[in-house]
Structures are given as C-alpha cells and as structure tokens.
Amino acid sequence: LLVFLYWLKPMNLTFKQLRLVRALAETGSVSRAADRMHITQPTASDQLKDVASAVGFPIYHLVSRRVQMTELGLELAAAAGDIIDRLEEFEQVRDQVAGLSRGRLKVAAVSTAKYFIPRWVGAFCEEFPGIEVSLQILNRDGVLARLKQHADDLYVMSMPPSGMALSDQVFMKNDLVLIAPNTGSMKDLPATLGELAKQRFILREQGSGTRMAVEQAFAALNIRPDIRMELGSNEAVKEAVAAGLGLGVVSQHALPPNPADGGLVQLEISGFPIQSAWHVVYPKSRRLSPVAKRFHQQLLARSVGV
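Here's a quick rundown of the structure. Keep in mind that what you see is a predicted model, and the values were worked out from it rather than measured.

Looking at the overall build of the protein
Link 1 in the chain: Secondary structure assignment for the protein yields eleven helices and twelve strands.
Link 2 in the chain: Oriented by its inertia axes, the alpha-carbon framework of the protein measures out at about 75 × 50 × 35 Å.
Link 3 in the chain: When the 306 residues of the protein are sorted by exposure, 45% land in the buried category.
Link 4 in the chain: In the protein, once contacts between residues fewer than 6 apart in sequence are set aside, the share between residues at least 24 apart is 76%.
Link 5 in the chain: Between the centroid of the 34 positive side chains of the protein and the centroid of its 30 negative side chains there is a distance of 2 Å.

Here it is as structure tokens:
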C-alpha cells in the first residue's frame, strides 16, 4: 500500500477519481459508475480520461459497448479499494469516539433472506439514523461475486462457500419445508419416502443455497427427484406448486403464516424439514469497521433456534 501511495503521488489522482475507478470496475459501466458517484456520464468519461492520462496507459476498453477493464485498470481499482477502505475505517474509528453517528454499512444477502433481513437493517437504521446503509439482495452467485471482490462489509447466506478463509457464524435456523398444492384432498399426497420418490418437483435453480441443501438431503435419503422445473425465486416455485405442477421445497421463511392462503399445504413426512441455517460471513483478512461490528453483533444477538 505504501509503495502504491508513493507511486500515486506524482500521478496526482484524487480520492474522487479513485472512487470512480472502483465504481467502474464494480459496475462494468461508465453510466452506472457515474450514477453511483452522482455525476453525469460526460463528467465521468472526462475524469476517467484524466486517470488514464495520469497512469500513462488505458485502464479500460469498450468491447461491444461494454466496459472491459485492462489488467492495469484492475490493479488500480484493487489498490483504490484498499486505500478507500482504509480511509473509511479511519473515519469510522474517529466517529466511534463520539458514538455511531456517522459511517457506512454495506450488506449483501441471498434472495431468500429478503423475508427478514430488510426489517433488521431497517431497525439498525432507526437506531443509528446517521449511518449510510447499502443492502444488496441477490442470488447466491451474485453474493459470492461481491464476496470475492470484498465489495461489502457482511454477507448473509445459507450455504457459505468452501475454500475461502471466512469468519463464519450461524445466527438463525433456515428449515426447508416440503410443499404441495392445497387441493382439498390429502389422499393423493405422498406420505412416505417411497411415494415421495415418484413425485415431480419444482425446485430453485442450480447454484442456489436452497437447491444445494435439497440435493444434499435427497442424496442422503437415496431419492433422485424427477425435476419438472427449475425456477429463480421462491415466489415462482410457490406459484408453480399451487398450480399443481409438482411438489416444491422452500425455506420456512418463504411461507406465509397460513400456507393455504397461497394455495399450498406443508407436508410432514420423514426427512423433512431439511435442517439448514443462516450464516453471516466476511473475509478473515478484512477488519470490520465499528459500524459493521455493531450490526454483526446485533445479528448474533437475534439468534433464533441455533
């Protein structure tokens, strides 16, 4: 970092320009980077030209109207991120002396967490109104991409990746339940594992945490499900099941208090619910800011059924 700062000084780049470079690398678009920085696209383009001129080499190319960062541009974006993160950590430590009156919190969560995490983030915002909060709700692949980029402070998911050095703590159960259409007659619904193996299933897409947990559980039960559809949201799975297209497996959080209101019934058979849990993770190499540390503590304090 010190070597980069020594190199940076004669280039005379500003922190605003560094933030713009990082935004460009994260969004892959000059216009989206400009929106994030609250400037116009022409201004962003001019600033990026100044950065390239100072560096002495192009930092990105346009390929079919899409931004493709050069190798040097990616290095600059990574270094810019390190500098900005360290500066923000210092600012938050300074603010901590007077309480959490200012600062920033960035959280990324998988889509199923939308049933509870916005309320918890909202409660945090009410307690600390001066904190700037960003909450990203994405599919698991999107959250993993942000995790690899160190784009956020904390990440909420049900199936953390293996092979990454993470601080990982469980804070709540995430039981996965078997659902069927509420047909008014239970006689045709499966009651045993043998009958279950003959059913068609509507499941979440490959790569989702729910799908991964379901596949592991079915393998343990020696069931090879006949998958009729793969859908990208819990709502789509519930609608397809209610329409009679097959059975589904969703998070308990995705069900309303009375599933029959949505044309569904939760089946109670051996092997279900599938036991799963919610995790809050962050890279071990990352030092949590005072703001992120407080939210992390609040998540763990809300631990339910773990």
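Some remarks on the sheet that holds strand β3 (residues 104-110)
Link 1 in the chain: In space, the five strands of this open sheet follow the order β4-β3-β5-β12-β6, with mixed pairing throughout. Edge positions in the open sheet fall to β4 (132-138) and β6 (166-173), since each of these has one partner strand only. Averaged over all adjacent pairs, the angle separating strand axes in this sheet is 20°, with direction ignored.
Link 2 in the chain: In the packing of helix α6 (residues 117-127) onto the sheet, contacts are made with β3, β4, β5 (154-157) and β6, and the angle to β4 comes to roughly 175°.

What about unusual backbone geometry?
Link 1 in the chain: Looking along the chain, the bond that leaves Phe 272 and enters Pro 273 is cis, with omega of -5°.
Link 2 in the chain: Locating Pro 273 in the fold gives a position in the loop between β11 (264-267) and β12 (277-283).
Link 3 in the chain: With a phi angle near 60°, His 38 is a residue other than glycine that sits in the positive phi range.
Link 4 in the chain: Phi is positive for His 150, which is not a glycine, with a value near 55°.

Some remarks on the side chain of Thr 112
Link 1 in the chain: With respect to the helices and strands, the residue Thr 112 is situated in the loop between β3 and α6.
Link 2 in the chain: For Thr 112, a relative accessible area of 5% puts it in the buried group.
Link 3 in the chain: Excluding residues within four positions of it along the chain, Thr 112 makes contact with Arg 204, Thr 210, Asn 234, Ser 251 and Trp 278.

Some words on helix α10 (residues 234-242)
Link 1 in the chain: What α10 keeps buried is the set Asn 234, Val 237, Lys 238, Ala 240 and Val 241. Buried residues of α10, viewed axially, fall in a sector of 165°; they line one side.
Link 2 in the chain: Buried residues along α10 sit in contact with β7 (176-181), β8 (200-204), β9 (226-231), β10 (247-251) and β11.
Link 3 in the chain: In the stretch just after α10, Gly 244 is the one whose phi turns positive, near 90°.

Some words on the pairing of β10
Link 1 in the chain: Judged by how many residues are buried, β10 sits mostly within the fold: five of five residues are covered.
Link 2 in the chain: Note: β7 against β10, four bridges, orientation antiparallel. In the strand pairing of β10, Leu 176 is matched with Ser 251.

Quick notes on the sheet that holds β9
Strand pairs in the sheet, formed through backbone hydrogen bonds, run parallel or antiparallel to each other.
Link 1 in the chain: Ordered by their spatial adjacency, five strands build an open sheet running β9-β8-β10-β7-β11, and the pairing between neighbours is mixed. One side of each edge strand has no neighbouring strand; the edge strands of this open sheet are β9 and β11. Direction aside, the axes of adjacent strands within the sheet are offset by 35° on average.
Link 2 in the chain: Pairing analysis gives five bridges linking β8 to β9, with the strands arranged parallel. Looking at the pairing, Ile 202 lines up with Met 229 of β9.
Link 3 in the chain: Sheet contacts for helix α9 (residues 209-220): β7, β8, β9 and β10; angle to β8, the most-contacted strand, approximately 140°.
Link 4 in the chain: Of the strands in this sheet, β7, β8, β9, β10 and β11 touch α10, which is tilted by about 165° from β8.

Description of the packing of helix α3 (residues 30-37) against helix α4 (residues 41-55)
Link 1 in the chain: Relative orientation of the contacting elements α3 and α4 amounts to 105°, with a least axis distance of 8 Å. With respect to their mutual orientation, α3 and α4 come out roughly perpendicular. Two secondary-structure elements touch here, α3 through Val 30, Ser 31 and Ala 34 and α4 through Gln 41, Ala 44, Ser 45 and Leu 48.
Link 2 in the chain: Of the residues assigned to the contact of α3 with α4, the class counts are four nonpolar, three polar and no charged.

What to know about the packing of aromatic side chains
Link 1 in the chain: Going through the model one piece at a time under the given rule, you end up with eight aromatic pairs.
Link 2 in the chain: Seen in terms of ring centroids, Phe 124 and Phe 128 are 5.0 Å apart; in terms of plane orientation they differ by 55°. Their pairing is tilted.
Link 3 in the chain: The exposure class assigned to Phe 124 is buried, which follows from its relative accessible area of 0%.
Link 4 in the chain: A relative accessible area of 10% means that Phe 128 is categorised as buried.

Notes on the environment of Ala 54
Link 1 in the chain: On the secondary structure map, Ala 54 appears in helix α4.
Link 2 in the chain: When its relative accessible area of 26% is taken as the criterion, Ala 54 is described as partly exposed.
Link 3 in the chain: Here the alpha-carbon distance between Ala 54 and Leu 13, two residues 41 residues apart in the chain, equals 7.4 Å.

Reading the values: rules and limits
Residues numbered from 1 in each chain as written. Predicted model: local features only at pLDDT ≥ 70, side-chain atom pairs only at ≥ 80, totals over all residues. Heavy atoms only, no water. Helix = DSSP H or I, 4+ residues; strand = E, 2+ residues; numbered from the N terminus. Buried < 20%, exposed > 50% of the residue type's maximum accessible area, 1.4 Å probe, protein only. Contact = heavy atoms within 4.5 Å. Lys, Arg positive; Asp, Glu negative; His and termini not counted. Charge placed at Lys NZ, Arg CZ, Asp CG, Glu CD. Pairing = 2+ DSSP bridges. Axes fitted to C-alpha atoms, helices over the stretch in contact; angles between N-to-C directions. Arc of directions from axis to C-beta. Parallel < 35°, antiparallel > 145°, perpendicular 65-115°, else oblique. Nonpolar A, V, L, I, M, F, W, Y, C, P; charged D, E, K, R; others polar. Phe/Tyr/Trp six-rings, centres within 6.5 Å; stacked < 30°, edge-to-face > 60°.

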